[in-house]
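This is what each chain is made of:
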Amino acid sequence: MVITIANQKGGVGKTTTVVNLATALASIDKKVLIIDMDPQYNSSMSFNAYDSKLSIYRVFSNEVNIRDAIQKSQIPHLDVISACEDLAAAEYELADDDNRNTLLKNYISEIKDNYEYIFIDTPPTLGLLTVSSLTASDEVLIPVQCEFFALEGLSKLIKTIELVKSNLNINLKLNGIILTMYDRRNSLSSLIEREAREYFDTNVYKFNVPRNVTLSEAPSHGLPAIIYDLKCSGSQAYIALAKEFLERGSSNGSQ
Ligand SMILES: Nc1ncnc2c1ncn2[C@@H]1O[C@H](COP(=O)(O)OP(=O)(O)OP(=O)(O)O)[C@@H](O)[C@H]1O
Ligand SMILES: [Mg+2]
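Residues numbered from 1 in each chain as written. Chains lettered and ligands numbered in written order. Predicted model: local features only at pLDDT ≥ 70, side-chain atom pairs only at ≥ 80, totals over all residues. Heavy atoms only, no water.

S.K.: Summarise the site of ligand 1; cite the residues concerned and give the values.
M.R.: Among the 18 residues in the neighbourhood of ligand 1, the closest are listed as Lys-14, Thr-15, Thr-16, Pro-210 and Asn-212. Within the backbone of Gly-13, an N or O atom sits 3.0 Å from an oxygen atom of ligand 1. One of the side-chain N or O atoms of Gln-40 is found 3.2 Å from an oxygen atom in ligand 1. If ligand 1 stood free it would expose 620 Å²; the protein chains cover 82% of that surface. Of all the elements in the fold, those that place two or more residues in the shell around ligand 1 are helix 1 (14–26) and helix 10 (213–217). Per-element accounting of the shell around ligand 1 gives the leading share, three residues, to helix 1. Here the residues of the shell around ligand 1 sort into six nonpolar, eight polar and four charged. (Near = heavy atom within 4 Å. Polar contact = N/O pair within 3.5 Å; in protein donor to acceptor, adjacent residues only side chain to side chain. Areas by Shrake-Rupley, 256 points an atom, 1.4 Å probe, with all protein chains shown as cover. Helix = DSSP H or I, 4+ residues; strand = E, 2+ residues; numbered from the N terminus. Nonpolar A, V, L, I, M, F, W, Y, C, P; charged D, E, K, R; others polar.)

Structure follows, in C-alpha cells:
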C-alpha cells in the first residue's frame, strides 16, 4: 500500500509523521519504504540517508534505476529513497512531459510488491511533486498542526485530492487526519481539535501527537525519535498512531 503524507502548509509535522510512523511499523516487522519527494530532503536526513547520487531525482532523469536508489536505513525492514535539492527543478523540467503526473506511479509499480507500506513525504506545496505522489498512492494521510489557521488551508488540499481523484487516480482514499503539536495547556489546541473532529468526524485519528521537544531533537542525531528515545511522549504517541493506522487499514479492508 502506498501512502502520501501531504499538507501544503509548511512545518505541520509531515516529515516527523512519516519518519516515526514508518519506524514504528518497521519495528513490528512490517516491510516499509520511505520515498522522500521533498527537495528539502528532511526525511532522508532523519535516517542519515541523504545521497544526491541516489536521489529519486536521478530516477526521474533516468540516471539510476529505482531498485538501485533504495538504501537500507539503520532500522531493520525500513528502506529509504533519498531526495535532493535538484528535485525542485523537476517541477519545471517535467512541465511539458505528458506523463509527468504518472511517472512516479510507474516507477513505484516496479518495487511495490516488495513492501507492505510505502510512505511518500511531500514538500509544502501542491505542485507536481505532491500531485504525482498523490497519483501514485492508495491513500493520503494529512497531518494538521493544532494552530490558528490550521484548518484554513485544508479545503484547498481536499480540493486538490478530489481533482487528483477525478482526473488521475480514481482509487485514492483519505486515510485520515493526524492532529500534531497538540498542547494540552493551550486552549487553542482543544479548539482546533474540536473543530477538526466536528468537521472531519472519524477521519481524524483518535490519538493526537503532543508537542514534544524530543521529536524535534531526534533528527539532529540522524535517528527517528522512536529509536532515539522510545519513552518520550512523542514516540509513545506515534506508536499508538501506528496501531490505529493498522486497525483502520484492516477495518476498511485495504490490507
Ligand atoms: N509533535 C511535535 N512536537 C514538537 N516539535 C515537533 C513536533 N512535530 C514536529 N516538530 C518539529 O517541528 C518542525 C516541523 O516539523 P516537520 O519537519 O515534521 O514538518 P513538515 O510538515 O515536514 O515541514 P515541511 O513542510 O517544511 O516539510 C521540525 O523542527 C520538527 O522537528
Ligand atoms: Mg517535511
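S.K.: I'd love a proper account of the packing of aromatic side chains, names of residues and values included.
M.R.: For the structure on display, the rule yields seven aromatic pairs. The rings of Tyr-117, Phe-119 and Phe-245 are connected pair by pair, giving a single aromatic cluster. Looking at Arg-248, its charged tip hangs above the ring of Tyr-205, at a distance of 4.2 Å from the centre. (Phe/Tyr/Trp six-rings, centres within 6.5 Å; stacked < 30°, edge-to-face > 60°. Lys NZ or Arg CZ within 6 Å of the ring centre and 35° of its normal.)

S.K.: Tell me about the pattern of salt bridges, residues and numbers included.
M.R.: For the structure on display, the rule yields ten salt bridges. Across the pair Glu-116 and Lys-30 runs a salt bridge, and its minimum N-O distance is 3.9 Å. With Glu-116 in the loop between helix 6 (103–109) and strand 5 (117–121) and Lys-30 in the loop between helix 1 and strand 2 (32–36), this pair connects stretches of sequence that are 86 residues apart. The salt bridge partner of Arg-58 is Asp-86, with a shortest N-O separation of 3.1 Å. (Salt bridge = Lys/Arg side-chain N within 4 Å of Asp/Glu carboxyl O.)

S.K.: Which residues make up unusual backbone geometry, and what are the values?
M.R.: If you check the backbone angles, Asp-29 has positive phi at about 70° while not being a glycine. Residue Asn-48 is not a glycine yet carries a positive backbone phi of 55°. Examined against the element boundaries, Asn-48 turns out to sit in the loop between helix 2 (42–46) and helix 3 (56–60). When its relative accessible area of 62% is taken as the criterion, Asn-48 is described as exposed. (Buried < 20%, exposed > 50% of the residue type's maximum accessible area, 1.4 Å probe, protein only.)

S.K.: How would you summarise the state of the cysteines if you had to cite specific residues and measurements?
M.R.: Taken as a whole and judged by the stated rule, the model has zero disulfides. Here Cys-146 stays unpaired: no disulfide links it, and the sulfur of Cys-232, its closest cysteine neighbor, is 17 Å away. (Disulfide = S-S within 2.5 Å.)

S.K.: Describe the sheet that holds strand 5, with residues and values.
M.R.: A sheet is described by the order of its strands in space; here seven strands give the open sequence 3-4-2-5-1-6-7, paired in mixed fashion. Whereas interior strands pair on both sides, the edge strands pair on one side only; in this sheet they are strand 3 (71–72) and strand 7 (173–180). Relative to strand 5, strand 1 (residues 2–5) is paired through four bridges, and the arrangement is parallel. Bridging from a neighbouring strand, Thr-4 pairs with Ile-120 of strand 5. Along the sheet, helix 1 makes contact with strand 1, strand 2, strand 4 (78–81), strand 5, strand 6 (139–145) and strand 7, crossing strand 5 at roughly 165°. (Pairing = 2+ DSSP bridges. Contact = heavy atoms within 4.5 Å. Axes fitted to C-alpha atoms, helices over the stretch in contact; angles between N-to-C directions.)

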